[in-house]
Amino acid sequence: MDTEVQTRAAAPAAPQTDPPWWRHAVIYQVYVRSFADGNGDGTGDLAGVRARLPYLKALGVDAIWFNPWYPSPLADGGYDVADYRDIHAPFGTLAEAEALVQEALGLGIRTIIDIVPNHVSDQHPWFQAALAAGPGSPERERFWFHPGRGEDGSEMPTHWVSSFQGSTWTRTVNPDGSPGEWYLHLFTPEQPDLNWNHPDVRREHEDILRFWFDRGVAGVRIDSAALPVKDPALPELPTAPAPGAHPHLDRDELHDIYRGWRAVADEYDGTRILVGEVWLEDAERFARYLRPDEMHTAFNFDFMSQPWSAELMRRSIARTLAEHAPVGAPATWVLSNHDVTRPVTRYGREDSGFAFDRKRFGVPTDLAVGTRRARAAALLVAALPGTMYVYQGDELGLPEVELPREVIEDPMHFRSGGVDPGRDGCRVPLPWAGAAAPFGFGAGGSWLPQPADWSAYTVAAEEADPDSMLSLYRDALAFRRQSADLRSGALAWLDVGPDALGFRRGDRLASITNLGSEPISLPPHRGVVLCSAPLEEGALPPDTTVWLDL
Ligand code: NOJ
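Rules of the game
- Residues numbered from 1 in each chain as written.
- Predicted model: local features only at pLDDT ≥ 70, side-chain atom pairs only at ≥ 80, totals over all residues.
- Heavy atoms only, no water.
- Near = heavy atom within 4 Å.
- Areas by Shrake-Rupley, 256 points an atom, 1.4 Å probe, with all protein chains shown as cover.
- Nonpolar A, V, L, I, M, F, W, Y, C, P; charged D, E, K, R; others polar.
- Buried < 20%, exposed > 50% of the residue type's maximum accessible area, 1.4 Å probe, protein only.
- Helix = DSSP H or I, 4+ residues; strand = E, 2+ residues; numbered from the N terminus.
- Pairing = 2+ DSSP bridges.
- Right-handed = clockwise from strand over helix to strand, strands pointing away.
- Contact = heavy atoms within 4.5 Å.
- Core = buried A, V, L, I, M, F, W, Y, C linked by side-chain atoms within 4.5 Å.
- pLDDT = per-residue confidence, 0-100.
- Expected span 1.5 Å × (residues − 1).
- Polar contact = N/O pair within 3.5 Å; in protein donor to acceptor, adjacent residues only side chain to side chain.
- Axes fitted to C-alpha atoms, helices over the stretch in contact; angles between N-to-C directions.

Peer 1: For this particular structure, what's the right way to read the site of the ligand?
Peer 2: Neighbouring the ligand are 13 residues; D76, D223, H338, D339 and R423 lie closest to it. Protein chains shield 97% of the accessible area of the ligand, which is 300 Å² for the free molecule. A class-by-class count of the residues in the shell around the ligand yields 3 nonpolar, 3 polar and 7 charged.

Peer 1: For this particular structure, what's the right way to read the pairing of strand 8 (residues 273-276)?
Peer 2: Here is the key point about a regular strand: its side chains alternate between the two faces of the sheet. Neither face of strand 8 is exposed, since I273 and V275 on one face and L274 and G276 on the opposite face are all buried. Here 4 bridges tie strand 7 (residues 219-222) to strand 8, and the two strands are oriented parallel to one another. Its bridge partner being in strand 8, G219 is matched across the sheet by I273. Handedness of the crossover joining strand 7 and strand 8 through helix 7 (residues 254-266): right-handed. Where strand 8 and strand 9 (residues 297-298) come together, 2 bridges link them in parallel fashion. Each residue of the ladder has a partner; that of V275, found in strand 9, is T297. What joins strand 8 to strand 9 is helix 8 (residues 283-288), and the crossover it makes is right-handed.

Peer 1: Help me understand the environment of F299, please; the structure alone is not making it clear to me.
Peer 2: Positionally, F299 belongs in the loop between strand 9 and helix 9 (301-304). You can call F299 buried: its relative accessible area is 2%. For the pair F299 and W279, spaced 20 residues apart in sequence, the C-alpha to C-alpha distance is 8.1 Å. Look past the residues within four positions of F299 in its chain and what remains in contact with it is W65, R221, V275, G276, E277, V278, F286, T332, V334 and Y389.

Peer 1: I would appreciate a short explanation of the sheet that holds strand 4 (residues 145-146) in the present structure.
Peer 2: Backbone-to-backbone hydrogen bonds pair the strands of a sheet. The strands run either parallel or antiparallel. Read across the open sheet, the 3 strands follow the order 4-6-5; overall the sheet is antiparallel. In this open sheet, the two edge strands, each paired with only one partner strand, are strand 4 and strand 5 (169-173). Bridge analysis of strand 4 against strand 6 (residues 179-184) gives 2 bridges, and the strand direction is antiparallel. Considered in strand 6, the bridge of F145 is made with Y183.

Peer 1: What is the right way to read the nonpolar core from this model?
Peer 2: Generally speaking, soluble globular proteins have nonpolar side chains that are buried together. One finds Y28, L56, W69 and W212 to be the most contacted residues of the largest nonpolar core, which totals 139 residues. Ranked by the residues each element gives to this core, the list is headed by helix 12 (residues 367-382), at 8 residues. Contact partners of W69, with chain neighbours within four places excluded, come to L46, D86, I87, H88, F91, A97, L100, T111, I113 and W212.

Peer 1: When you look at the confidence of the model for the protein in this model, what are you seeing that I'm missing?
Peer 2: The predicted structure's coordinates, where accompanied by low pLDDT, should not be read in detail. Mean pLDDT over the protein works out to 95, with 97% of the residues at or above the 70 mark. Every residue in residues 1-13 is under pLDDT 50, and counting partners more than four places away or in other chains gives 12 contacts.

Peer 1: Would you mind showing me how to read helix 12 here?
Peer 2: Helical periodicity: at 3.6 residues per turn, an α-helix aligns residues three or four positions apart in one direction. With 16 residues, helix 12 ought to run about 22 Å at 1.5 Å a step, and its terminal C-alpha atoms sit 22 Å apart, in line with that. Within helix 12, burial applies to G370, R373, A374, R375, A376, A377, A378, L379, L380, V381 and A382. Put simply, D366 is the residue that caps the front of helix 12, since its side-chain oxygen is 3.1 Å from the backbone nitrogen of A368.

Peer 1: Got a minute to help me understand the sheet that holds strand 15 (residues 527-531) in this structure?
Peer 2: Read from one edge to the other, the open sheet built from 5 strands follows the order 12-13-14-16-15, with strand pairing classed as antiparallel. If you trace the sheet from one side to the other, it starts and ends with strand 12 (491-494) and strand 15, each paired once. The mean angle between the axes of side-by-side strands here comes to 25°, regardless of whether they run parallel or antiparallel. Pairing of strand 15 with strand 16 (residues 544-549), which is carried by 4 bridges, proceeds in the antiparallel orientation. Residue pairing for strand 16: G527 is matched across the bridge by D549. This element, helix 10 (residues 310-324), spans strand 12 and strand 13 (500-505) of the sheet and lies at about 35° to strand 13. Sitting on the sheet, helix 12 touches strand 13, strand 14 (509-514), strand 15 and strand 16, and the angle it makes with strand 16 is about 35°.

Shown next, in the form of structure tokens:
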């Protein structure tokens, strides 16, 4: 028996029960820095998460997805990873992460970690070695170093546009102080892109997967999964690239990489999953990532981006189900995450859809309307077939916080020239209890300031209120867990009029959402299972979802 096999045999076991767990799971997203602070330094940590596992158990989740928890200078909230095999020291230690995975498993909760294949931190040893080794060195081949254009090399190699706005190339300085080569970064200059044509890069990532699967993690969320492969010819961006012909998006070579990852995941028991962050408009290209020997699921951003409209949401749901069907993968339903405006804020705005380039300061928001709609949306997505994601704090109905500019850290804010408020407004530390900041987040302060009026949003306050968002989420997830119809029943649309969205799941469960401005009457039913707001004389009022026992 070789050592690797011995290590794996001794590794903590994943639950053997329910192999297709990922097809219907409820997955809770923890942004560690802002979840709960165990040591009172104002930053969330693993001790905080461990102390709150019973909260997640009571909420009724099947798995936790952790945003990157590795050592990082936090130039992009941890998506600039300096070491994949350790934990960011302010969050805790590797031993604590191992204990957390086991404790969560003990409560029946699986762990999904975040892998960032497109880039590393500029502090990663590989990049530091590449800088030190200089032009033409093998160390530089793991990245995209390139001479500049023009006689003196002062023009960047391409005019590709960063996902964070601005250019994608930064020029290095040679040891003698003269200007050197450029390197590629689709995000910030602190996040140099890896060269996936290099065998070291591929080997290293498969090894990282094994490192964490050996520690009992149940899956990985693959960051920016459609970006890692680049056209080595580094052409300029074509105006209308044919599918697969874009120089840095959705290239066909990616599929072979993810097949390799799937093979690694399949070496392990307990169904370890790959979840892709795949932002692609082309449904057929999106579905290719979900073929049976590639990823298990991918985030459905199409639905999340829709405004509060029965017609647009219905079309998005239908499109989603249709694009997943041929590859046999379950859909995912996401109302938000650490990158997007919180639902209660979004749905309380005139422009209630989501797009990164439309984020602005000072947008008028009706939080009462937004909260009512977010409650309805929560029941709607919880009734749809597939996996459901809950971003921490959405179960409390937290609004997006408009932070003072001087506390914002997110590079999206700075790279927009201060026009885009960035993503910190949805990353404000959670309120757990009490009447004043930091509302039980920890014994110290909180790395981003919480609004002074958050006492009604604390877990303690909402646990005590049967009409709170938290109570609604708990009730919905508890019902979903034991309902065979919601777990595996087929979806059939109901005719409930143009301003409403209604469907049956299986034999007896119906979900109806009224997105119009008038109450609507309900089909015959035996009883009401759950309602996001009280019915009015038996009718479903605007901005409300009801689950019916037919
Ligand atoms: C997507 C992540 O969700 C986001 O937070 C991050 O900034 C980029 N990928 C770059 O890693």
